[in-house]
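Next come the chains, spelled out residue by residue.
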Amino acid sequence: MTTSLSDRVSTGVDGLDEVLSGGLVPTRSYMVRGQAGSGKTILGFHFLQRGIEEGETALFINLEEDLRDLKANADSLGFDTDAIEFLDLSPGADAFVEDESYEVFAPSEVEREPLTDRIVEGVTAVDPDRVVVDPLTQLRFLLSDDYQFRKQVVGFMRFLKDRGATVLFTVQNTPSLPTDDLEFITDGTIRLDAGAYGKTVSVPKFRGSSTQSGDHAYRITDAGMEVFPALQPGTRETDLTFEQVSSGIPEIDELLHGGIERGTVTIVSGPTGVGKTTLSTQFMKEAAGRGERSVIYLFEENRETFLARSRAVNIPVDEMLEKGTLQVTEVEALERSPQEFARMVRDEVEGEGADIVMIDGIAGYRLTLRGEDEQMLQQMHALGRYLKNAGVTGVFIDETRNVTGEFHATMENISYLADNIVFLRHLEVGGELRKAIGVLKKRTSDFERTIREFKITEHGITVGEPMSGLRGILSGTPEVVERDAVRRAEGGDSDE
C-alpha cells in the first residue's frame, strides 16, 4: 500500500523530497547513515525546521554532541533552535552518570531506568510530530549486547510511532560497530557517502513507495544541505514535427538540407581554433531573431573571452543578452557534480523556457565526473535524452586532438548519442592554412555529402562552394586534383 504525495512528510530538503517521490511516509522511522561530517545532523535540523514551519511540534533527542555546540552550529546555518524542543542525553548529562547499562523501553523496567524515564517524560511532555535521534548508535554502548540493542531500538521506534511521530535517527557506521542490523528495523534508509565525483545521497530502502534510484549529489553550504537529484530523462509528451532550425547561412543550411531539427542533439566537432563555438553560436543568433531563448554553458573558456570573440565576428551577443534571448554561464567543472549541472539545465529548460542548450565543451563537462568514462557516457546520454524529450535543441561541442592528420568524428566516443554530426577541419593547401566544413551524420533527413571551405571574418561566417578540386581533405593535407579527373568523377567529358 502506498501513500499519496499529499500525505507525505517533507524532509525539509526539496531535492531530497524529489528523490523520495514526495517525502517520507508519516509515523514511520528512517535511518540516516553516513560517516562523521557527512551532514547527518544537518539533515535532521532541516527535517525539524520544516515541521516548525508547518505548525508541527519538533523534538531533537541528543545523545552525543554538547548541546551548546549543537545549537550554536544549527543557529549559524539559519535554523530556529528556539522553536525546537531538545532532550539532552549526551555524555555528561545526569542520565549517563548514574548507571552504565540501560534497558530502553523494556516494559517491566520503564520506571526504573533513569535514561528511560527521561526519554518517556520528554516525549510525553512535548508530544512531538517529528523526532530526530542523533545518533541512535550511542545507545549501543549502554546495552549489554547486540541482541538487547536491537530489541530496545525496536521498542523505542514503536513507542514513538504509537505517539504519532515521524522519526529520523542517525547512525555512524564503523568497522568495529556496523549498523547493517538496523536496516531490518527501519522503514527506510538514507545513505550519505563520498563518491568519486563528490558527496552522494542514495535511498537503498524505502517501504511504501518507489524512489529515484542511483546516486544523487548533495552539497553542504552556509544554508545547510542542498540535494541535486540525478537527471531523469522522462518521456516525450508530444510527437515532435522536427521543425528545422536554420543557421541563417544558406550554404550551411544546404549542407544540412535546411538546418538542424528542433529537439535533436547535434555534435559539432573539430580541433582547437577551427570555429566550433562560433558556428554553434550562429544558430543561436538566428534563433534570437525568432524570439527564442538559448543557453550556453562554458566549461573551457571564460565568459568575457567568449563575448569579446563573438562581438568580433558580428554576433550581437550584447543585444541578445539584454533582450533575454541568450544566457551565457561559465561553469567550473571541478566544483560541480554532473547532478548539479543537470539541475542548472533543468532550471533553464523548465523555469526559463530555453529552446537551445549548448555545452562547450564535452571534455570540460567530463571533468565533473573526474574522468570516469562509463559515467560520462551515462550522464551525457541522460542529458541528451532529457533535452530531446523536452523538445529542446542540444548542441554539444567536442574538440578533437589532431589539427591535421588522422580524422576523428569525435574524441569522447559519443557519436552514437548525436542525431547530427557537423565537423570542421584545418587544411594545409599550398602552404596556406584553411578550414573546411562537412556533415557526417543526420538521422532525420538526407544531407549534402560534399566538403566546403569555411571562413570566419569580421563580418561573420562565410561558406564556399564544394571543394571538389581537392582530394584527401579529411587527412588535413589534401592534394589538388587535376580538372580532367574532377570532371570524369562528376560524369562530365574531358577537354579534347
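The structure displayed is predicted, hence computed values, not measured ones.

The rules behind the values
Residues numbered from 1 in each chain as written. Predicted model: local features only at pLDDT ≥ 70, side-chain atom pairs only at ≥ 80, totals over all residues. Heavy atoms only, no water. Helix = DSSP H or I, 4+ residues; strand = E, 2+ residues; numbered from the N terminus. Contact = heavy atoms within 4.5 Å. Phe/Tyr/Trp six-rings, centres within 6.5 Å; stacked < 30°, edge-to-face > 60°. Buried < 20%, exposed > 50% of the residue type's maximum accessible area, 1.4 Å probe, protein only. Pairing = 2+ DSSP bridges. Right-handed = clockwise from strand over helix to strand, strands pointing away. Polar contact = N/O pair within 3.5 Å; in protein donor to acceptor, adjacent residues only side chain to side chain. Arc of directions from axis to C-beta. Salt bridge = Lys/Arg side-chain N within 4 Å of Asp/Glu carboxyl O. Core = buried A, V, L, I, M, F, W, Y, C linked by side-chain atoms within 4.5 Å. pLDDT = per-residue confidence, 0-100. Axes fitted to C-alpha atoms, helices over the stretch in contact; angles between N-to-C directions.

## A word on the overall build of the protein
No. 1: Counting its regular elements, the protein contains 13 helices and 22 strands.
No. 2: Sequence-distant contacts, at least 24 apart, represent 67% of the contacts inside the protein between residues at least 6 apart.

## Examining the packing of aromatic side chains
No. 1: Scanning the model with the defined rule gives nine aromatic pairs in all.
No. 2: On the basis of an interplanar angle of 70° and a centroid distance of 5.0 Å, the ring pair of F299 and F341 is categorised as edge-to-face. Here F299 is found in the loop between β13 (294-298) and α8 (303-312), whereas its partner F341 is found in helix α10 (residues 338-352), with 42 residues between them in sequence.
No. 3: On the basis of relative accessible area, F299 is assigned to the buried category, the value being 11%.
No. 4: By relative accessible area, F341 is classed as buried at 1%.

## Looking at unusual backbone geometry
No. 1: Cis geometry marks the peptide bond from D134 to P135; its omega dihedral reads -15°.
No. 2: Following the sequence through the fold, P135 ends up in the loop between β4 (130-134) and α5 (146-162).
No. 3: At the junction of D360 and G361, the peptide bond is cis and its omega measures out at 0° in the coordinates.
No. 4: Its location among the elements puts G361 in the loop between β15 (356-360) and α11 (362-366).
No. 5: A positive phi angle, near 60°, is found at S21, a position not held by glycine.
No. 6: Residue H257 is not a glycine yet carries a positive backbone phi of 55°.
No. 7: Topologically, H257 is positioned in the loop between α6 (250-255) and β11 (260-261).

## Observations regarding the pairing of strand β2 (residues 58-62)
No. 1: Most of β2 sits out of view: five of its five residues are buried.
No. 2: By the alternation rule, side chains of β2 split into A58, F60 and N62 and L59 and I61, which are all buried.
No. 3: Taken together, the five bridges between β2 and β4 define a ladder with parallel strand orientation. Each bridged residue has a counterpart across the sheet, and for N62 the counterpart in β4 is D134.
No. 4: One ladder, built from four bridges, connects β2 with strand β3 (residues 85-88); its direction is parallel. Looking across to β3, one finds that N62 is bridged to D88.
No. 5: Tracing the backbone out of β2, into helix α3 (residues 67-76) and back to the parallel element β3 gives a crossover that is right-handed.

## With respect to the side chain of E448
No. 1: Mapped onto the elements of the fold, E448 is located in the loop between β18 (432-442) and β19 (452-457).
No. 2: Engagement of the side chain of E448 in a polar contact is seen with the side chain of T450, the distance being 2.4 Å.
No. 3: In terms of polar contacts, E448 uses its side chain to reach the side chain of R452, at 2.8 Å.
No. 4: Aside from chain neighbours lying at most four places away, what touches E448 is E254, L255, H257, V439 and P466.

## A word on α8
No. 1: When we look at burial in α8, the residues that qualify are F306, L307 and S310. Seen along its axis, α8 keeps its buried residues to an arc of 95°; they face one direction.
No. 2: Lining the buried residues of α8 we find α7 (276-289), β13, α9 (317-323) and β14 (326-330).
No. 3: With a side-chain oxygen lying 3.2 Å from the backbone nitrogen of E304, the N-terminal cap of α8 falls on N302.
No. 4: Of the residues trailing α8, N314 is marked for its positive phi of about 70°.

## Looking at the pattern of salt bridges
No. 1: Inspection of the entire model under this criterion finds 29 salt bridges.
No. 2: For E301, the salt bridge goes to R309, with nearest N and O atoms at 2.6 Å.
No. 3: A relative accessible area of 17% places E301 in the buried class.
No. 4: For R346, the salt bridge identified is with E350, shortest N-O distance 3.4 Å. Placement of both R346 and E350 in helix α10 is noted, with a separation of four residues, approximately one turn of the helix.
No. 5: Taken together, the salt bridges that share partners define one network made up of E18, R343, R346, D347 and E350.

## Brief notes about the nonpolar core
No. 1: Judged by nonpolar contacts, the single largest core of 35 residues is most densely connected at I252, L279 and I437.
No. 2: Among the elements that line this core, the one with the most residues is α7, at five residues.
No. 3: In this view, I252 contacts S247, L279, F283, I437, I461 and V463; residues no more than four positions away in its chain are not counted.
No. 4: Of all hydrophobic cores here, the second largest spans 32 residues; its members include V32, L48, F60 and M225.

## Some points on the confidence of the model for the protein
No. 1: Averaged over all residues, the pLDDT of the protein is 84; the fraction at 70 or higher stands at 81%.
No. 2: Confidence over residues 93-112 falls short of pLDDT 50; this stretch has 51 contacts with residues more than four positions distant or in other chains.

## As for the sheet that holds β14
No. 1: Here nine strands make up an open sheet; going across it, the order is β14-β13-β15-β16-β12-β17-β18-β19-β20 and the pairing mixed. In this open sheet, the two strands that pair with only one neighbour each are β14 and β20 (460-466). Neighbour to neighbour, the strand axes of the sheet diverge by 20° on average, direction disregarded.
No. 2: This element, α7, spans β12 (265-270), β13, β14, β15, β16 (393-399), β17 (420-429), β18, β19 and β20 of the sheet and lies at about 165° to β15.
No. 3: Those strands touched by α10 are β13, β14 and β15, and its axis lies near 165° from that of β13.

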